Amino acid sequence: HGVEETATECQKSGAIVHAFVVDCSSREEIYSSVNQIKKEGDVTIVVNNAGAIYPADLLSTKDEEITKTFEVNILGHFWIIKALLPSMIKRNYGHIVTVASVCGHGVIPYLIPYCSSKFVAVGFHRALTAELETLGKTGIKTSCLCPVFVDTGFTKNPSTRLWPVLETDEVARSLIDGILTNKKMIFVPSYIGISLILE
């Protein structure tokens with residue numbers, strides 16, 4: 001439902017849109033969808049935004065929930081980038097956004113699998129950025145989005161004593177600004193980055 005809504009909004013602004021529903025924990029589905037997308041042309045901006053979260057203490061978290069968290073939150077990034085990066089490298093052009101979280105820089109109880117996967121996502125971004133620079137592919141930009149909690153509907157009544165709960169529009173605006181200015185690490189709200197440095 002959300003994919004169709006987003007596609008409709010983009011079409012209203014004049015964009016040509018092809019919507020796909022993909023299980024981002026499935027390497028085969030990702031590769032198949034990317035092959036369909038490539039028939040329409042080259043992808044120049046990738047936003048790895050799929051995510052899974054299962055709030056619970058570690059011992060109450062089911063094994064399959066831990067597996068799904070890592071399949072979606074990090075392995076999906078690998079498969080999508082492996083499928084799309086060759087055409088970007090060939091043209092030395094593109095922008096790759098890794099959506100992580102402030103939880104990729106700090107930890108929160110009852111979110112151990114989620115926090116762990118987001119630490120890996122931040123590491124993925126940093127390693128990919130370094131590798132592209134080493135390859136001399138400076139036309140391919142990278143950004144890592146690290147918001148605090150966003151009210152996306154993943155969890156009922158999200159709340160935290162540590163940070164504000166953000167609306168998706170605020171995070172999207174910060175991301176677009178970060179892409180346009182080639183910002184490597186985008187914290188939302190921005191003061192979170194300063195507090196992490198101080199910590």
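Residues numbered from 1 in each chain as written. Predicted model: local features only at pLDDT ≥ 70, side-chain atom pairs only at ≥ 80, totals over all residues. Heavy atoms only, no water.

As named in an unreviewed UniProt entry, the protein chain is Hydroxysteroid 17-beta dehydrogenase 13, taken from Ictidomys tridecemlineatus.

(A) Fine view of the overall build of the protein chain. Counting its regular elements, the protein chain contains 6 helices and 4 strands. Taken from N to C terminus, the helices and strands of the protein chain fall in the order α-α-β-α-β-α-β-α-β-α. Its C-alpha atoms give the protein chain a radius of gyration of 17 Å, within 12% of the compact-globule value 16 Å for 199 residues. When the 199 residues of the protein chain are sorted by exposure, 39% land in the buried category. Long-range contacts, defined here as pairs at least 24 residues apart, represent 63% of the contacts in the protein chain between residues at least 6 apart. (Helix = DSSP H or I, 4+ residues; strand = E, 2+ residues; numbered from the N terminus. Rg over C-alpha atoms; globule rule 2.2 N^0.38 Å. Buried < 20%, exposed > 50% of the residue type's maximum accessible area, 1.4 Å probe, protein only. Contact = heavy atoms within 4.5 Å.)

(B) Representation of the nonpolar core in the model. If you look at the biggest cluster of nonpolar residues, it comprises 37 residues, and the most contacted ones within it are Val46, Ile81, Leu85, Ile96, Leu128, Leu145 and Cys146. Mapped by element, the contributors of at least two residues to this core are helix H2 (27–38), helix H3 (63–91), strand S2 (94–99), helix H4 (112–134), strand S3 (140–147), helix H5 (168–180) and strand S4 (185–188). It is H3 that contributes the most residues to this core, 8 residues altogether. If near-sequence neighbours (up to four positions away) are discounted, Cys146 is found in contact with Ala100, Ser101, Val102, His105, Val122, Met185, Ile186, Phe187 and Val188. With 7 residues, the next largest nonpolar core counts Ile53, Ile108, Cys115 and Phe149 among its residues. (Core = buried A, V, L, I, M, F, W, Y, C linked by side-chain atoms within 4.5 Å.)

(C) Region of interest: the pattern of salt bridges. Within this structure, the stated rule accounts for 2 salt bridges. Here Glu28 makes a salt bridge to Arg27, at a shortest N to O gap of 3.6 Å. On the basis of relative accessibility, which here comes to 53%, the residue Glu28 falls in the exposed class. Residue classification places Arg27 among the partly exposed residues on the basis of a relative accessible area of 36%. (Salt bridge = Lys/Arg side-chain N within 4 Å of Asp/Glu carboxyl O.)

(D) A nonpolar patch on the surface, seen in detail. The grouping of Leu58, Leu59 and Ile112 at the surface amounts to a nonpolar patch, some 330 Å² of accessible area in total. When you line up the elements, Ile112 lands in helix H4. (Patch = residues over 30% accessible without salt bridge, like charges linked within 9 Å, V, L, I, M, F, W, Y side chains within 5 Å. Areas by Shrake-Rupley, 256 points an atom, 1.4 Å probe, with all protein chains shown as cover.)

(E) Main features of the side chain of Ser26. Relative to the helices and strands, Ser26 resides in the loop between helix H1 (2–12) and H2. The buried category is assigned to Ser26, whose relative accessible area is 15%. In this structure the side chain of Ser26 is engaged in a polar contact, spanning 3.1 Å, whose partner is the backbone nitrogen of Glu29. (Polar contact = N/O pair within 3.5 Å; in protein donor to acceptor, adjacent residues only side chain to side chain.)

(F) Spatial organisation of the sheet that holds S4. The strand order across the open sheet built from 4 strands is S1-S2-S3-S4, with neighbouring strands paired in parallel fashion. Two strands close off the open sheet at either side, each with one partner strand: strand S1 (45–48) and S4. Within the sheet, the average angular offset between the axes of one strand and its neighbour, ignoring direction, is 15°. (Pairing = 2+ DSSP bridges. Axes fitted to C-alpha atoms, helices over the stretch in contact; angles between N-to-C directions.)

(G) Here's a closer look at the pairing of S1. Because side chains alternate across S1, one face comprises the buried residues Val46 and Asn48, and the other comprises Ile45 and Val47, none of which is buried. Bridging between S1 and S2 involves 4 bridges; their strand directions are parallel. Bridge assignment links Val47 to a residue of S2, and that residue is Val97.

(H) View of the pairing of S4. Burial along S4 is two-sided: Met185 and Phe187 facing one way and Ile186 and Val188 facing the other are all buried. Bridge analysis of S3 against S4 gives 4 bridges, and the strand direction is parallel. Within the sheet, the bridge partner assigned to Leu145 lies in S4 and is Ile186.

(I) Looking closely at the packing of aromatic side chains. The full count for this structure, using the stated rule, is 1 aromatic pair. With 4.8 Å between their ring centres and 65° between their planes, Phe78 and Phe124 make a pair best called edge-to-face. Residue Phe78 is located in helix H3, and its partner Phe124 is located in helix H4; the two are separated by 46 residues in the primary sequence. On the accessibility criterion, Phe124 (11% relative accessible area) is buried. The ring centre of Trp79 lies 5.1 Å from the NZ or CZ of Arg27, which sits over that ring. (Phe/Tyr/Trp six-rings, centres within 6.5 Å; stacked < 30°, edge-to-face > 60°. Lys NZ or Arg CZ within 6 Å of the ring centre and 35° of its normal.)

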